[in-house]
Amino acid sequence: MITGAHLYRNKADEFRKQNDFSLAGDYYNAAANGYLASMQYSPSMLEKGHAPDFLRLRYLTHSVRNRLFSILCRRFEDEHSHARAVARQGVAVIEELVNHHPSVTESAGRRGLCHELEGDLRYVADLGDHEQAYDAALDCYDQVPDGDKWIPEPEFTSAIDYVEDLMIAAGLTPDSRRFKKAHMDELPIRVDVKRDEFRTAIEELTAEDFADYGR
């Protein structure tokens, strides 16, 4: 399933570089769903009480990354209702995990990451309530016991990596010192980066047609 998700993502990159944002959006969304499958999660699992004991949450971050790119492609094509539908799919998954999956509900760090990712989806698709999601992430991060090392985990680093990628795509220069802190220091710094650098990158990308994004 991981290989399939990678293939969809690579194909999406190709279509995007050809300025075919509609097809690119479809393939990014397919990649997002493929990563969810790799996470050993499906919406019906929680409903039936069969949630796996171990959740590969890093694939949720990969899924959200591709969903964000799908949303951007839809916005480039002025397909805003489609963009919001893609975002709502991701938000629904995150809400189920936060409310029902033991490996998330019992971990302040993982709950915080989920709320952070929800805020990203809500902001990029203009769904609203992204500030509330980021506030929820901060509340969770403040509950993480001292000594818990979450930052180096792949699911956390990947969610900062794509902010740097988007800034570069928008022609901006990431502040290396600040991003290093987001990767290595206290968890709440991540939300500050999302509210500042991430927001700036998205505003730049959606201000005009960025057909060369990612070349």
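Described in the following lines is the structure provided in the data block. (Residues numbered from 1 in each chain as written. Predicted model: local features only at pLDDT ≥ 70, side-chain atom pairs only at ≥ 80, totals over all residues. Heavy atoms only, no water.)

1. Let's talk about the environment of L138
Piece 1. Along the chain, L138 falls in helix α8 (residues 130–142).
Piece 2. With 51 residues separating them in the primary sequence, L138 and I189 have C-alpha atoms 9.1 Å apart.
Piece 3. With near-sequence residues (within four places) excluded, L138 lies in contact with P188, V191 and R195. (Helix = DSSP H or I, 4+ residues; strand = E, 2+ residues; numbered from the N terminus. Contact = heavy atoms within 4.5 Å.)

2. Overview of helix α5 (residues 80–100)
Piece 1. When the terminal C-alpha atoms of α5 are compared, their 30 Å separation across 21 residues agrees well with the 30 Å that a helix rising 1.5 Å per residue should span.
Piece 2. Listed in full, the buried residues belonging to α5 are A83, V86, A87, G90, V91, V93, I94, L97 and V98. Summarising the axial view, the buried residues of α5 lie within an arc of 155 degrees, below the 170-degree limit, and thus occupy one face. Counted as exposed and oriented over 90 degrees from the buried face of α5: S81, N99 and H100. (Expected span 1.5 Å × (residues − 1). Buried < 20%, exposed > 50% of the residue type's maximum accessible area, 1.4 Å probe, protein only. Arc of directions from axis to C-beta.)

3. Considering unusual backbone geometry
Piece 1. Backbone geometry places D78, a non-glycine residue, at a positive phi of 60 degrees.
Piece 2. Following the sequence through the fold, D78 ends up in the loop between α4 (58–76) and α5.
Piece 3. With a phi close to 65 degrees, D129 is a non-glycine residue in the positive phi region.
Piece 4. Along the polypeptide, D129 turns up in the loop between α7 (108–124) and α8.

4. Considering the packing of aromatic side chains
Piece 1. For the coordinates displayed, the defined rule picks out seven aromatic pairs.
Piece 2. Taking the centre distance of 5.5 Å and the plane angle of 75 degrees together, the rings of Y28 and F69 count as edge-to-face. Taken together, the positions of Y28 in helix α2 (residues 21–38) and F69 in helix α4 put the pair 41 residues apart, joining distant regions of the chain.
Piece 3. We classify F69 as buried; its relative accessible area is 2%.
Piece 4. Among the aromatic residues, those joined into a ring-pair cluster are Y8, F15 and Y27.
Piece 5. Above the face of the F198 ring, K194 is positioned so that its terminal group lies 5.9 Å from the ring centre. (Phe/Tyr/Trp six-rings, centres within 6.5 Å; stacked < 30°, edge-to-face > 60°. Lys NZ or Arg CZ within 6 Å of the ring centre and 35° of its normal.)

So yeah, pure geometry; function would need other evidence.
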